[in-house]
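Structure assessment
Here's the letter readout for the chains.
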Amino acid sequence: VNISHAYERRFPTCPLIPMFVGSDTVNEFKSEDGAIHVIERRCKLDVDAPRLLKKIAGVDYVYFVQKNSLNSRERTLHIEAHNETFSNRVIINEHCCYTVHPENEDWTCFEQSASLDIKSFFGFESTVEKIAMKQYTSNIKKGKEIIEYYLRQLEEEGITFVPRWTPPSITPCSETPLSSCKKQAASMAVVIPDAALKEGLSGDALSSPSAPEPVVGTPDDKLDADYIKRYLGDLTPLQESCLIRLRQWLQETHKGKIPKDEHILRFLRARDFNIDKAREIMCQSLTWRKQHQVDYILETWTPPQVLQDYYAGGWHHHDKDGRPLYVLRLGQMDTKGLVRALGEEALLRYVLSINEEGLRRCEENTKVFGRPISSWTCLVDLEGLNMRHLWRPGVKALLRIIEVVEANYPETLGRLLILRAPRVFPVLWTLVSPFIDDNTRRKFLIYAGNDYQGPGGLLDYIDKEIIPDFLSGECMCEVPEGGLVPKSLYRTAEELENEDLKLWTETIYQSASVFKGAPHEILIQIVDASSVITWDFDVCKGDIVFNIYHSKRSPQPAKKDSLGAHSITSPGGNNVQLIDKVWQLGRDYSMVESPLICKEGESVQGSHVTRWPGFYILQWKFHSMPACAASSLPRVDDVLASLQVSSHKCKVMYYTEVIGSEDFRCGRSPHSRCCGRWSLLSLSFSLSLCLRWRFC
């Protein structure tokens, strides 16, 4: 048992493991008799990986879920760990077990096993595997050293012996009135997680008088049965309780629009009703929806005419289960032409509008058919698919769209029917499938040639009367036929970049250009001390330095850089300078945060608690690479930087807000950042077990 006490001292963080940043308890269970203790933690790791690999993956931290199961009756400690971050690309599982030696109770036996399955990792699969094997070997020795360190610490504190567990004495029911016995039994009822049933509670333990019986909440925590049947579908009592708890949490903590029960239920189902996991992805999605005004996309955004003419997709009646049916003639669509004419952002926004329309149609069909309909069916016709559809930028745009939809519209695809798949389809499927969740992949039905016309084909899922005419059906389908986008509609890379920025500046974000010698600055006036200034910005181009200053007096009215000195127009963002050149740092204004260097592609979020009222200036400044003192020759990094930032121009997109300190709930440092083009699209990173095994 000393081993278990020593092991628990590693949490919530361990100074002997620098990359182990911290951990949070997500689930905990203790049996009534104290014999079983199961605790599940979410561990945060600062991975010691090559910078290039981190940049490609798009995160600075990775997360692992670790479950420790202590059975004091059997004197065993089981430890299981798996990666949560990037689990759709890399699957890492580990199991460790501490047991008492059968012949010498003073000895502790230790067994460990682990598995690594790399599905895909941006072409770095072999690199990830090598890092994993190297780190795993070195960490076995390190883990033993850490346990021994905490054992010595226990000895120094005078803890050399921990009494064995003994069963608690139970007062026989015959000695108490019947009503008292019933009350005692009710008080013993607790919720037993499935994990505890698997790990430490045998069938005998569950049937014993001291074993707790699972319950799922109080009558106050129940929804109306008719409401569930009409709008939500079949729910177990435990699932119903999870829905209520997550909804209550949102009502207490979330200031924006609260999703409907049907949508909350989608996130719970996507995470197998694990409340903590569902809450995390839902909060990320709600933040993303707010930042990009997705709730209003159907009312405020009109698709360009090019999309209306050449995007070969549209809604078409419903399937036999009442799900809305979306038809996509991908083989007839000129993906290269659409990307060249519109850019990624317009395509992404159009797909988001399709998903929002799908949610609306699900609500309508629920009312029409009198039963819950929470997903739609998608029919994809691949006739005409060829190698031109594998154009790299087009595939890149498709993968990005898939990741955004997977993250923000879970459990909305009820079934995907892929028809007339040609020989080139396996190539496309190999590229796309790693980005699709396993649960979603199980909903795919793929038919080659005319197989969809036979038994088990289209007629099993769609009524004959609404099969589209281009599939030999009788129903006229008004979906556009697609075709080649005229090259006259193609736009230059610069035009597309400016259009992408324009699309997203229609949200709460603002864009700005930063030049060498011409920073961009914004003014925030604070009346009450202890207010909190928050910011969220993306570095779209170049490297910048972020500063925060305070001044007791207001600067001169903002002046916009005419850009004449730079001979550059700036359709993608403005440039405002506030700090007068005659001002002196330390006399007229002061720096309140250390400068933060931000690289191209990074997303930075942070906050500052103001100490004084007055005027605060947020500044984004061009970052110049320092000259190399040891040599007159330029460094490779300097050359690359000069090539990367043409004309000494940077671009940022930012959002700021001032809130009262009493409304600010945040425990992070003043700055937090992640790599990737947009914070909402930051890819997860699954190297955690490679670099941190059980001892996290």
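Everything numeric in this text was worked out from a predicted model, so none of it was measured. (Residues numbered from 1 in each chain as written. Predicted model: local features only at pLDDT ≥ 70, side-chain atom pairs only at ≥ 80, totals over all residues. Heavy atoms only, no water.)

**Here we look at the overall build of the protein**
A tally of regular secondary structure across the protein gives 20 helices and 23 strands. Out of the 696 residues belonging to the protein, those deemed buried represent 47%. Within the protein, contacts between residues separated by at least 24 positions form 75% of all contacts whose residues are at least 6 apart in sequence. Looking at the protein as shown, the accessible area adds up to about 35500 Å², and 52% of this sits on carbon and sulfur atoms. (Helix = DSSP H or I, 4+ residues; strand = E, 2+ residues; numbered from the N terminus. Buried < 20%, exposed > 50% of the residue type's maximum accessible area, 1.4 Å probe, protein only. Contact = heavy atoms within 4.5 Å. Areas by Shrake-Rupley, 256 points an atom, 1.4 Å probe, with all protein chains shown as cover.)

**A few points about the environment of Y589**
Positionally, Y589 belongs in the loop between β17 (576-577) and β18 (590-591). Residue Y589 is classed as buried on the basis of its relative accessible area, which comes to 13%. Each C-alpha atom, one on Y589 and one on R553, is 8.6 Å from the other, the two residues being 36 residues apart in sequence. Other than its neighbours up to four places away in sequence, Y589 contacts Y549, H550, S551, I579, W583 and Q584.

**Describing the pairing of strand β15 (residues 544-551)**
With eight of its eight residues buried, β15 lies for the most part within the structure. Burial of the side chains of β15 extends over both faces: I544, F546, I548 and H550 are buried on one face and V545, N547, Y549 and S551 on the other. With eight bridges connecting them, β15 and strand β21 (residues 614-622) associate as antiparallel partners. When the sheet's bridge partners are listed, V545 is paired in β21 with K621. (Pairing = 2+ DSSP bridges.)

**A look at the packing of helix α8 (residues 237-253) against helix α10 (residues 275-291)**
Contact pair α8 / α10: the axes reach a minimum separation of 11 Å and the direction vectors enclose 40°. Between α8 and α10, the angle is such that the two are oblique. Seen along the crossing, α8 lies across α10 with a hand that is right-handed. Contacts from C242, R245, L246, W249 and L250 of α8 reach α10 at I275, A278, R279, M282, C283 and L286. (Axes fitted to C-alpha atoms, helices over the stretch in contact; angles between N-to-C directions. Parallel < 35°, antiparallel > 145°, perpendicular 65-115°, else oblique. Left-handed = near helix turned anticlockwise from the far one by under 90°.)

**So, empty space enclosed by the protein**
The method is simple in principle: a probe with the dimensions of a water molecule rolls over the atoms, and the space it marks as empty is what remains. Across all of its chains, the model carries one cavity of 30 Å³ or more by this definition. As for the largest cavity, its lining consists of V26, E40, R42, V65, E84, N274, D276, K277 and E280. When residues of the lining of the largest cavity are traced back to their parent elements, those giving at least two are β2 (36-46) and α10. Broken down by element, the lining of the largest cavity gets its largest block of residues, three residues, from α10. Shared between two domains, the lining of the largest cavity holds at least three residues of each, these being domain 1 (1-164) and domain 2 (225-292). (1 Å grid on protein atoms, 1.4 Å probe; cavity = no way out; pocket = protein on both sides within 12 Å on 5 of 7 lines; lining within 4 Å. Points joined across faces, edges and corners; volume = space filled by probe spheres on them. Domains from an automatic or database assignment.)

**Topic: the sheet that holds β2**
Spatial ordering of the open sheet is given by β1-β2-β3-β4-β5-β6, a layout of six strands whose pairing is antiparallel. Taken across any chain shown, the strands that pair with only one partner, and hence form the sheet edges, are β1 (20-30) and β6 (108-118). Across the sheet, the axes of successive neighbouring strands diverge by a mean angle of 15°, strand direction being ignored. Pairing of β1 with β2, which is carried by nine bridges, proceeds in the antiparallel orientation. If you follow E28 over to β2, its bridge partner there is I39.

**As for the packing of aromatic side chains**
One pass over the structure, following the stated rule, counts 17 aromatic pairs. Ring geometry for Y227 against Y231: centres 5.6 Å apart, planes inclined by 40°, an arrangement best described as tilted. Highlighted residues: Y227 and Y231, both in helix α7 (residues 225-232), separated by four residues, approximately one helical turn. Look at Y231 and you get partly exposed, because its relative accessible area is 32%. The lysine or arginine in question, R230, covers the ring of Y231, its NZ or CZ lying 5.1 Å from the ring centre. The ring of W249 is capped by R279, whose NZ or CZ atom sits 5.0 Å from the centre of that ring. (Phe/Tyr/Trp six-rings, centres within 6.5 Å; stacked < 30°, edge-to-face > 60°. Lys NZ or Arg CZ within 6 Å of the ring centre and 35° of its normal.)

**Details of the side chain of N83**
Its place among the elements puts N83 in strand β4 (residues 76-83). With a relative accessible area of 4%, N83 lands in the buried category. A polar contact of 3.2 Å, which involves the side chain of N83, links it to the backbone oxygen of T85. Within the local environment of N83, its side chain forms a polar contact with the backbone oxygen of V90, the two atoms lying 2.7 Å apart. (Polar contact = N/O pair within 3.5 Å; in protein donor to acceptor, adjacent residues only side chain to side chain.)

**Quick look at unusual backbone geometry**
Despite not being glycine, H317 has its phi angle at roughly 55°, a positive value. By the secondary structure assignment, H317 is in strand β7 (residues 313-318). With a phi angle near 70°, S472 is a residue other than glycine that sits in the positive phi range. Within the element layout of this structure, S472 appears in the loop between β11 (444-448) and α18 (493-505). Here S472 falls in the exposed class, since its relative accessible area comes to 62%.

**As for the nonpolar core**
L307, Y311, L338 and L382 are the most contacted members of the largest nonpolar core, which has 54 residues in total. Residue assignment for this core shows that the elements contributing at least two residues are α12 (305-310), β8 (324-328), α13 (335-342), α14 (344-369), β9 (376-381), α15 (392-408), β10 (413-421) and α16 (425-432). Residue contributions to this core peak at nine residues, all from α14. Not counting residues up to four positions away in its chain, the partners in contact with L307 are W301, L338, L342, A346, L347 and Y350. By size, the runner-up hydrophobic cluster in this structure holds 25 residues, among which are A6, M19, C43 and I147. (Core = buried A, V, L, I, M, F, W, Y, C linked by side-chain atoms within 4.5 Å.)

**Describing the pairing of strand β20 (residues 602-609)**
Most of β20 is tucked away, with seven of its eight residues classed as buried. In this sheet, β20 lies alongside strand β14 (residues 532-541) in antiparallel orientation, the contact comprising seven bridges. Paired with V532 across the bridge in β20 is V609.

**Thoughts on the side chain of H316**
Examined against the element boundaries, H316 turns out to sit in strand β7. Of note is the side chain of H316, whose polar atom sits 2.8 Å from the backbone oxygen of I466. Apart from the residues lying within four places of it in its own chain, the contact partners of H316 are L325, V327, I466, P468, C475, M476 and C477.

**Details of the pattern of salt bridges**
Counted by the stated rule, this structure contains 27 salt bridges. Where R73 meets D33, a salt bridge forms, and the shortest distance between an N and an O atom there is 3.0 Å. In this pair, R73 sits in the loop between β3 (61-71) and β4 while D33 sits in the loop between β1 and β2, placing the two residues 40 residues apart along the sequence. With its nearest N and O atoms 3.5 Å apart, the salt bridge here joins R415 to D321. Here R415, found in strand β10, pairs with D321, found in the loop between β7 and β8; they are 94 residues apart in sequence, far enough to count as distant. Taken together, the shared-partner salt bridges in this structure form one network comprising D319, D321, R323 and R415. (Salt bridge = Lys/Arg side-chain N within 4 Å of Asp/Glu carboxyl O.)

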